[in-house]
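Remarks on the overall topology
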Amino acid sequence: EPLLFTPGSAEIIGKGQQALKSLGEILQRTDVDIRVEGHTDDLPLTPGKYPTNWELSLARAVNAVQYLVAQGGVAPERLSAAGYADTKPQAANLNTLNRQINRRVEVILRFAEN
């Protein structure tokens with residue numbers, strides 16, 4: 001999250017923009033299908049644009065997909081987005097560091113079966 005988003009936001013920030021652009025430049029030279037998955041921690045959101053972590057996680061994934069298309073040059077038909085909220089944590093949501101780990105976007109590559 002610190003690289004791509006500020007807490008509670010789906011807007012991609014400066015360092016994240018460059019990282020996604022660089023990733024897109026690599027991915028555009030491949031023929032893999034790409035799924036971007038958004039995740040959050042288990043803390044409820046304060047009232048705002050996203051009423052639940054489901055909406056926030058999906059908005060993050062969608063924004064990353066849109067950025068990969070617009071700035072990274074990835075063909076849109078190769079991309080999909082999914083939001084998982086807090087249902088697939090990488091670490092137990094017991095402290096600040098673990099919650100930060102769980103607030104993430106994952107880029108999943110699916111290679112064609114031979």
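Look above for the structure.
Just so it is clear, the structure is predicted and the values come from calculations on it, not from any experiment.

Notes on the packing of aromatic side chains
Considering all chains together, one arrives at zero aromatic pairs under this definition. Here Lys-88 stacks its cationic end above the ring of Tyr-84, 4.1 Å away from the centre of that ring.

A look at unusual backbone geometry
Positive phi values are uncommon outside glycine, yet Ala-85 reaches one of about 50°. Inspection of the secondary structure assignment puts Ala-85 in the loop between β2 (79-83) and α3 (96-102).

With respect to the environment of Ile-101
Residue position: Ile-101 is located in helix α3. With relative accessibility at 38%, the residue Ile-101 sits in the partly exposed group. Those residues in contact with Ile-101 that lie beyond four places of it in its chain are Gln-90 and Ala-91.

Let's talk about the pairing of strand β1 (residues 33-39)
The element β1 is extensively covered by neighbouring structure, given that five of its seven residues are classed as buried. As paired strands, β1 and strand β3 (residues 104-110) are joined by seven bridges and run antiparallel to one another. For Arg-35, the partnering residue across the bridge sits in β3 and is Ile-108. Direction of pairing for β1 relative to β2: parallel, over a ladder of five bridges.

How each quantity is defined
- Residues numbered from 1 in each chain as written.
- Predicted model: local features only at pLDDT ≥ 70, side-chain atom pairs only at ≥ 80, totals over all residues.
- Heavy atoms only, no water.
- Phe/Tyr/Trp six-rings, centres within 6.5 Å; stacked < 30°, edge-to-face > 60°.
- Lys NZ or Arg CZ within 6 Å of the ring centre and 35° of its normal.
- Helix = DSSP H or I, 4+ residues; strand = E, 2+ residues; numbered from the N terminus.
- Buried < 20%, exposed > 50% of the residue type's maximum accessible area, 1.4 Å probe, protein only.
- Contact = heavy atoms within 4.5 Å.
- Pairing = 2+ DSSP bridges.

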